[in-house]
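Residue strings, one per chain:
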Amino acid sequence: MSHHLFLTQDHEMLRDQVRRFIAEKVHPAADTWEKDGCVPRDILRQMGDLGFLGIRYPEEYGGSAMDTRATAVLAEELGWSTYAGFAITALVHTDMASVHLYNAGTQAQRAEHMPDIIAGRKIVAVAVTEPDAGSDVKSIRTMARRDGDDFVLNGAKMFITNGVHADLYCVAAKTDTQGPASQSVTIFLVEKGTPGFSVSRALDKHGWCSSDTAELSFQECRIPAENILGQEGKGFYSIMKNFQNERIVLGAMAMGEAQAALDLTLDYVKTRQAFGAPLWSKEAIRQRLSMLSARVTAARQLVYATAARDAAGEDVVKEVSMLKALCGELVNDVMYDCVQFHGGTGYMRGSAIERMARDARVQSIGGGATEVMLEEVAKRL
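Remember, predicted model here, so these are calculated numbers, not experimental data.

**Digging into the side chain of Arg-358**
Right, so step 1: Position of Arg-358 among the secondary structure elements: in helix H10 (residues 352–360).
Right, so step 2: Separated by 3.1 Å, the side chain of Arg-358 and the backbone oxygen of His-206 make a polar contact.
Right, so step 3: Non-local contacts of Arg-358, meaning those with residues more than four positions away in its chain, are made with His-206, Gly-207, Cys-209 and Arg-349.

Structure follows, in structure tokens:
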């Protein structure tokens, strides 16, 4: 399906390329990645070679300098792969973690890391969430105290995507215990292998099984002050600013998943016989799938319209919060009915729809829970 109103030929070419890569490299292998708990680094390097990891970054670093709409296309296609754990591995790297380095980094920091990030040679994670602080970023407790030319980090981070296998981590910590919370958070660039920094455990999840997720520990972890990303005390604003991009990504990804589930289910009900006729002959099933298709089509249009407005520099915080809430819930509505219409098959491990239903559950939680998003909408109504 095209969105000629919002997309150009370049966007459609990107979609075709991503789709071809998924057919050739992801579908044949991703069941193994689900068991292994991570996406092979070689696959991410291949994505780098094809230009998928740098679509928003300048050409000087190997990127293709496209806009928010291209990100929505990438995210939707990765969601459409049906392996959301694979999708989120790539999307955290491109649109949730490396953005902190690119947006706030110095020329030197960018020059050192961006070419490797875009090529898929260095994978990035972002470490904000903690055991006691999720969407409420001001409540983080990880501390960074100044010591000469260094900062010393102490604390823990939780639910960190790419956390086990990343090479670089953008870590949020409080650098000021006295001032207002919004002016006390600083983001640091921490490299794997830094003394005092460790992966305390890999986390086992309900879904997104091919995405490695970790709890991280910082114990007297010494970071040179030049590893600050942006300005000291300005991290909260960087995190808030990028939430807009992240939520468009998650909305687009969710709609890719929803469309793939509808496609699969449509195929299934047209061939599966019950009571002497295909399930498709049942009005209740046809109409339910038709209404879900209408809702997904509408939500998708909202994603692309919002991405286009964001690309044009408009303030779309309200619409982004709306689409994150809407898409996170809608993908779960879709999965519920798609599992139902697959009958017993839909409940079996190894069926695509069973995996997809587990993967989709987190879409209404991660990146801003539905309830948090609705409060952001309410403030702006």
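**A short note on the packing of aromatic side chains**
Right, so step 1: For the coordinates displayed, the defined rule picks out seven aromatic pairs.
Right, so step 2: An angle of 10 degrees between the planes, with centres 4.9 Å apart, marks the rings of Phe-197 and Phe-218 as stacked. Here Phe-218 lies in strand E7 (residues 213–224) and Phe-197 lies in strand E6 (residues 197–202), a separation of 21 residues in the sequence.
Right, so step 3: Accessibility expressed as a relative area gives 1% for Phe-218, which makes it buried.
Right, so step 4: Seen in terms of ring centroids, Phe-236 and Tyr-237 are 5.7 Å apart; in terms of plane orientation they differ by 80 degrees. Their pairing is edge-to-face.
Right, so step 5: Its relative accessible area of 11% is what places Phe-236 among the buried residues.
Right, so step 6: Taking relative accessible area as the criterion, Tyr-237 reaches 39% and is therefore assigned partly exposed.
Right, so step 7: What links up through ring pairs into an aromatic cluster is the set Tyr-169, Phe-197 and Phe-218.
Right, so step 8: Stacked on the ring of Trp-280, the Lys or Arg Lys-270 has its end atom at 4.9 Å from the ring centre.

**Considerations on the pattern of salt bridges**
Right, so step 1: The tally for this structure, following the rule as stated, stands at 23 salt bridges.
Right, so step 2: Residues Glu-215 and Arg-201 are paired through a salt bridge, measuring 2.6 Å at the closest nitrogen-oxygen approach. Of this pair, Glu-215 sits in strand E7 while Arg-201 sits in strand E6, and the two are 14 residues apart along the sequence.
Right, so step 3: We note a salt bridge from Glu-376 to Arg-380, for which the minimum N-O separation is 2.9 Å.
Right, so step 4: In this structure Arg-380 comes out as partly exposed when scored by relative accessible area, which is 36%.

**Quick notes on unusual backbone geometry**
If a residue is not glycine, its phi is most likely negative; likewise, a peptide bond is most likely trans.
Right, so step 1: The backbone phi angle of Ala-65 is positive, close to 50 degrees, even though this residue is not glycine.
Right, so step 2: As for its placement among the helices and strands, Ala-65 is situated in the loop between helix H3 (41–49) and helix H4 (68–80).
Right, so step 3: A residue is classified by how much of its surface remains accessible, and Ala-65, at 48% relative accessible area, is partly exposed.
Right, so step 4: Even without glycine at this site, Glu-220 takes up a positive phi of about 50 degrees.
Right, so step 5: Note that Glu-220 resides in strand E7.

**Remarks on the UniProt feature "domain: Acyl-CoA oxidase/dehydrogenase middle" (unreviewed entry) in the protein**
Right, so step 1: UniProt records the feature "domain: Acyl-CoA oxidase/dehydrogenase middle" (unreviewed entry) for residues 125–221 in the present numbering.
Right, so step 2: In the segment residues 125–221, helix accounts for 0% and strand for 51%; the C-alpha atoms at its two ends are 17 Å apart.

**Regarding helix H9 (residues 317–341)**
Right, so step 1: With 25 residues, H9 should cover 36 Å at 1.5 Å per step; its first-to-last C-alpha distance of 36 Å lies within 8% of that length.
Right, so step 2: Of all 25 residues that make up H9, 18 are buried, and the element is covered over most of its length.
Right, so step 3: Count one or two residues on from H9 and you reach Gly-343, which has phi positive near 60 degrees.

**Overview of the pairing of strand E4 (residues 168–174)**
Right, so step 1: Burial runs high along E4: seven of the seven residues are buried.
Right, so step 2: Here E4 shows no split at all, with Leu-168, Cys-170, Ala-172 and Lys-174 on one side and Tyr-169, Val-171 and Ala-173 on the other all buried.
Right, so step 3: The pairing of strand E1 (residues 124–127) with E4 spans four bridges and is parallel. Bridge pairing in E4 links Ala-125 to Tyr-169.
Right, so step 4: Bridge analysis of E4 against strand E5 (residues 185–191) gives seven bridges, and the strand direction is antiparallel. Residue pairing for E5: Cys-170 is matched across the bridge by Leu-189.

What counts, and where the lines are drawn
- Residues numbered from 1 in each chain as written.
- Predicted model: local features only at pLDDT ≥ 70, side-chain atom pairs only at ≥ 80, totals over all residues.
- Heavy atoms only, no water.
- Helix = DSSP H or I, 4+ residues; strand = E, 2+ residues; numbered from the N terminus.
- Polar contact = N/O pair within 3.5 Å; in protein donor to acceptor, adjacent residues only side chain to side chain.
- Contact = heavy atoms within 4.5 Å.
- Phe/Tyr/Trp six-rings, centres within 6.5 Å; stacked < 30°, edge-to-face > 60°.
- Buried < 20%, exposed > 50% of the residue type's maximum accessible area, 1.4 Å probe, protein only.
- Lys NZ or Arg CZ within 6 Å of the ring centre and 35° of its normal.
- Salt bridge = Lys/Arg side-chain N within 4 Å of Asp/Glu carboxyl O.
- UniProt positions renumbered as here; feature names shortened; annotations may be inferred.
- Expected span 1.5 Å × (residues − 1).
- Pairing = 2+ DSSP bridges.

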